[in-house]
Amino acid sequence: MHRSNPLDCVVFGGNIAKASIHFLPQLKYYLSARAISIPIYISEKGENAALIGAACAA
């Protein structure tokens, strides 16, 4: 997917952001092993992150 539709970044928000300590190191390793370089951000907006993103996209 990343080759046909390149992304600017990946942002995790909401409850998944709270669990990032459990999966983020493995995700970074996986991407690095496949030579995929993309910034990963953890939102500080909590559950409001999706609503803010949707409003910005509208």
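Quantities reported herein were computed from a predicted structural model and do not represent experimental measurements. (Residues numbered from 1 in each chain as written. Predicted model: local features only at pLDDT ≥ 70, side-chain atom pairs only at ≥ 80, totals over all residues. Heavy atoms only, no water.)

Undergrad: I would appreciate a short explanation of the overall build of the chain in the present structure.
TA: A tally of helices and strands in the chain yields three helices and two strands. Each helix (α) and strand (β) of the chain, taken in turn from the N terminus, gives the series β-α-α-β-α. A principal-axis box enclosing the C-alpha atoms of the chain has dimensions of 35 × 30 × 15 Å. Taken across its 58 residues, the chain has 17% of its residues classed as buried. Within the chain, residue pairs in contact and separated by at least 24 positions form 68% of the contacts whose partners lie at least 6 positions apart. (Helix = DSSP H or I, 4+ residues; strand = E, 2+ residues; numbered from the N terminus. Buried < 20%, exposed > 50% of the residue type's maximum accessible area, 1.4 Å probe, protein only. Contact = heavy atoms within 4.5 Å.)

Undergrad: Is there a simple way to explain the packing of aromatic side chains in this structure?
TA: Each aromatic ring pair is specified by the distance between its two centres and by the angle formed by the two planes. Enumeration over the complete set of coordinates arrives at one aromatic pair. Seen in terms of ring centroids, Phe12 and Phe23 are 5.1 Å apart; in terms of plane orientation they differ by 70 degrees. Their pairing is edge-to-face. Linking Phe12 in strand β1 (residues 10-12) with Phe23 in helix α2 (residues 20-33), this pair joins segments that are 11 residues apart in sequence. Look at Phe23 and you get partly exposed, because its relative accessible area is 22%. (Phe/Tyr/Trp six-rings, centres within 6.5 Å; stacked < 30°, edge-to-face > 60°.)

Undergrad: Explain the side chain of Ser20 to me, please; I cannot follow it from the model alone.
TA: The residue Ser20 is located in helix α2 in this model. Ser20 gets classed as buried once you look at its relative accessible area, which sits at 12%. If sequence neighbours within four positions are ignored, Ser20 has contacts with Pro25 and Ile42.

Undergrad: Looking at this structure, how should I read the nonpolar core?
TA: Proteins that are soluble and globular tend to have nonpolar side chains buried together. Residues Phe12, Leu24, Leu31, Ile36, Ile38 and Ile40 constitute the largest nonpolar core, which totals six residues. Look past the residues within four positions of Ile40 in its chain and what remains in contact with it is Val10, Phe12, Leu24, Leu27, Lys28 and Leu31. (Core = buried A, V, L, I, M, F, W, Y, C linked by side-chain atoms within 4.5 Å.)

Undergrad: Please explain α2 as it appears in this structure.
TA: Residues separated by three or four positions in an α-helix point in the same direction, a consequence of the helix having 3.6 residues per turn. Given a rise of 1.5 Å per residue, 14 residues ought to cover 20 Å, and the 19 Å separating the end C-alpha atoms of α2 matches this to within 8%. Among all positions of α2, only Ser20, Leu24 and Leu31 are buried. Down the axis, α2 shows its buried residues gathered within 45 degrees of arc, on one side only. Residues of α2 that are exposed and point more than 90 degrees away from the buried face comprise His22 and Tyr29. Tucked inside the fold, the buried residues of α2 contact α1 (14-18) and β2 (40-42). Trailing α2 by a residue or two, Ala35 shows a phi angle of about 55 degrees, which is positive. (Expected span 1.5 Å × (residues − 1). Arc of directions from axis to C-beta.)

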